[in-house]
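Remarks on the overall topology
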Amino acid sequence: MYKDANESVIPDDVELLELMVGDAGNAAEQYQPGPYWKRNSVHAAKELARYGLAGFRGADSFIANSFGDNTLVNLRTSYRSGKKNSLKLMITKLPGFKQVFEGQAKLTEAFFRTELIFKNEYLRSSKRVQELIVNYSIVKMDTTRGDCVGYVDFNGSIVSHHYLNLLNTLDVMMRDIGRKSLTGMTILEIGGGFGANTHLMVNLFGARKILYLDISPNLYVGTQYLKSFYGESVIDYRESKNGPIRFRSDDSLEIFCILPHQIENIEAEVNLFYNAHSFVEMPKSVVRNYASKVSSLLSIDLGIVYLVSYDGFDPSTSLDPNFLTTIFERFCLTTTVETLTPGRQNFHFYFAHLS
């Protein structure tokens, strides 16, 4: 819609999707999505089965609406799957209603186009963004795969807004933990979105051994997205579901994409555990269970925990970020970090390794 759509290079694998959705539904309660994510997960699975991954980051897709960076400008897109939604969609096509919804969609699209103009001017003039562009070769990466519509042009090189925000957070983390590279570290991330964070960790920070855990079908989207970049280096759920999860003792790239219950099958010493934003969207019992499992996997000599949460949380739908300081039996250094959005901040929680 806002950029010429290329033929999708992200492969669909409906068999893998169905396998993941089925097995995830049979997992123990502590590995089930909470109330907020459960509803969105069911809807996303239906969308994926029917429409596939092509354009999942575009303005006409609802697939990654809760964990991706797509901007939904036409609400009717969210009514494509399910009996109740089909009825809603039919109503929007009735005489009178159709004109109203089409007019509103055009108006919203116009607002979005205007927002992009101002947002991109702000990002191009931001000293923090300029610093990130100079220090990291993100402009050489493909950060808009999946028909991303939220991107900024830097002298002919386009960069996703979402990737810039993630890089801003990772750069702060690297300073906090005192490292310039993630090479030689085994990383576990819970709640990896659609894989963009892993993409950055591999391409810009040298990560080679990654455990990327998320709920279904979010994990399916991330798995296929990462496969489009790294091919057979991505070990999907089909390959790992029946056995222990181990890395080879070399420096080859290995990205295990695992469902929540598979955390019990990990046979690897974790050097860095990372979670951004999703812990505060889970029930406390689920977070504590994850924290217990992570603690048992952390390296004694170099086991770092780094958590991030957004500001402005809603207590009716998310946890108080301060709760995160209590889930690991370690000293927690808490800092407030400015995001690339004016007036918005993230809370960073750094639990240093045991010495």
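First, a word on scope: everything that follows refers to the structure included in this document. (Residues numbered from 1 in each chain as written. Predicted model: local features only at pLDDT ≥ 70, side-chain atom pairs only at ≥ 80, totals over all residues. Heavy atoms only, no water.)

Let us look at the pattern of salt bridges. One pass over the structure, following the stated rule, counts 17 salt bridges. Ionic pairing is found between arginine 238 and glutamate 15, a salt bridge with its closest N-O pair at 3.3 Å. With arginine 238 in helix 9 (residues 237–240) and glutamate 15 in helix 1 (residues 14–25), this residue pair connects regions lying 223 residues apart in the sequence. A relative accessible area of 56% means that glutamate 15 is categorised as exposed. (Salt bridge = Lys/Arg side-chain N within 4 Å of Asp/Glu carboxyl O. Helix = DSSP H or I, 4+ residues; strand = E, 2+ residues; numbered from the N terminus. Buried < 20%, exposed > 50% of the residue type's maximum accessible area, 1.4 Å probe, protein only.)

The end-to-end C-alpha distance of helix 1 is 16 Å, a good match for the 16 Å that 12 residues give at a rise of 1.5 Å each. Three or more residues of helix 1 are buried, namely Leu16, Leu17, Met20 and Ala24. The buried residues of helix 1 all sit within an arc of 100 degrees when viewed along its axis, so they share a single face. Facing away from the buried side of helix 1 by more than 90 degrees, the exposed set consists of Glu15 and Glu18. (Expected span 1.5 Å × (residues − 1). Arc of directions from axis to C-beta.)

Turning next to empty space enclosed by the protein. For the structure on display, the rule yields 1 cavity of 30 Å³ or more. Taken together, Trp37, Asn40, His43, Ala44, Phe62, Ile63, Ala64, Asn65, Ser66, Phe67 and Asn218 form the lining of the largest cavity. Partitioning the lining of the largest cavity into residue classes produces 6 nonpolar, 5 polar and no charged. (1 Å grid on protein atoms, 1.4 Å probe; cavity = no way out; pocket = protein on both sides within 12 Å on 5 of 7 lines; lining within 4 Å. Points joined across faces, edges and corners; volume = space filled by probe spheres on them. Nonpolar A, V, L, I, M, F, W, Y, C, P; charged D, E, K, R; others polar.)

Here we come to the packing of aromatic side chains. Counted according to the given criterion, the structure contains 14 aromatic pairs. With a centroid separation of 5.3 Å and 80 degrees between ring planes, the pair formed by phenylalanine 247 and phenylalanine 256 is classed as edge-to-face. The exposure class assigned to phenylalanine 256 is buried, which follows from its relative accessible area of 7%. Both rings, one in tyrosine 306 and one in tyrosine 350, keep their centres 6.0 Å apart while their planes meet at 40 degrees; by these two values the pair is tilted. Note that tyrosine 306 is positioned in strand 8 (residues 304–310) and tyrosine 350 in strand 10 (residues 345–351), a separation of 44 residues in sequence. Assessed through its relative accessible area of 0%, tyrosine 306 is described here as buried. (Phe/Tyr/Trp six-rings, centres within 6.5 Å; stacked < 30°, edge-to-face > 60°.)

By themselves, these figures tell us nothing about what the structure is for.
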